[in-house]
Amino acid sequence: PKIFIASRLAESNPLEDVLFSIAHEITHYYQWYFMEDTERTDRSLEIEANKWAKYILHNYLSTQNQ
């Protein structure tokens, strides 16, 4: 599998953007793999992927600062 990430030149921490994008796309993979509710809208799937990506990235970064 490939994950393509658009770069943002003005961002202060591009590594965090990359990690967030990876976590976001992995969440989409789990949504597809488990397909628990097929009646969900694209918007609800994106909201959930963003929520989980923020959670995963926050937890990862908090373990790196210990």
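Structure: see above.
Keep in mind that what you see is a predicted model, and the values were worked out from it rather than measured.

Trainee: Hey, could you run me through a nonpolar patch on the surface in this one?
Mentor: A cluster of nonpolar side chains, contributed by I5, L15, V18, I22, I26, Y29, Y30, W32, Y33, F34 and M35, occupies part of the molecular surface with about 1,100 Å² of accessible area. Within the secondary structure layout, I22 lies in helix α1 (residues 14–34). A relative accessible area of 31% means that I22 is categorised as partly exposed.

Trainee: Would you explain the environment of A53 in this entry?
Mentor: Along the polypeptide, A53 turns up in helix α2 (residues 42–64). A residue is classified by how much of its surface remains accessible, and A53, at 0% relative accessible area, is buried. Spatially, the C-alpha atom of A53 lies 8.4 Å from that of E25, the residues being 28 residues apart in sequence. Residues contacting A53, with those up to four places away along its chain left out, are F20, A23, H24 and T27.

Trainee: Would you explain the environment of D17 in this entry?
Mentor: As for its position among the elements, D17 is in helix α1. Taking relative accessible area as the criterion, D17 reaches 19% and is therefore assigned buried. For the pair formed by D17 and I5, sequence separation is 12 residues and the distance between their alpha carbons is 8.6 Å.

Trainee: Any chance you could explain the side chain of H24 here in plain terms?
Mentor: With respect to the helices, strands and loops of the structure, H24 is situated in helix α1. A polar atom in the side chain of H24 sits 3.0 Å from the side chain of H28. One polar contact links H24 to E46, side chain to side chain, over a distance of 3.0 Å. Leave out the neighbours within four places in its chain, and H24 touches E46, A49, N50 and A53.

Trainee: Is there a simple way to think about the packing of α1 against α2 in this case?
Mentor: Between two packed helices, what matters for the description is the angle formed by their axes and the separation of those axes. One can describe the packing of α1 onto α2 by two numbers: an axis separation of 8 Å at closest approach and a directional angle of 130°. Taken together, the axis directions place α1 and α2 in an arrangement best described as oblique. Both α1 and α2 take part in a crossing whose hand is right-handed. In this structure, α1 contributes E16, L19, F20, A23, H24, T27, H28 and Q31 to the contact, and α2 contributes L45, E46, E48, A49, N50, W52, A53, K54, I56, L57, Y60 and L61. Here the residues of the contact of α1 with α2 sort into 11 nonpolar, five polar and four charged.

Calculation criteria
Residues numbered from 1 in each chain as written. Predicted model: local features only at pLDDT ≥ 70, side-chain atom pairs only at ≥ 80, totals over all residues. Heavy atoms only, no water. Patch = residues over 30% accessible without salt bridge, like charges linked within 9 Å, V, L, I, M, F, W, Y side chains within 5 Å. Areas by Shrake-Rupley, 256 points an atom, 1.4 Å probe, with all protein chains shown as cover. Salt bridge = Lys/Arg side-chain N within 4 Å of Asp/Glu carboxyl O. Helix = DSSP H or I, 4+ residues; strand = E, 2+ residues; numbered from the N terminus. Buried < 20%, exposed > 50% of the residue type's maximum accessible area, 1.4 Å probe, protein only. Contact = heavy atoms within 4.5 Å. Polar contact = N/O pair within 3.5 Å; in protein donor to acceptor, adjacent residues only side chain to side chain. Axes fitted to C-alpha atoms, helices over the stretch in contact; angles between N-to-C directions. Parallel < 35°, antiparallel > 145°, perpendicular 65-115°, else oblique. Left-handed = near helix turned anticlockwise from the far one by under 90°. Nonpolar A, V, L, I, M, F, W, Y, C, P; charged D, E, K, R; others polar.

Any functional reading would require information beyond the geometric quantities listed.
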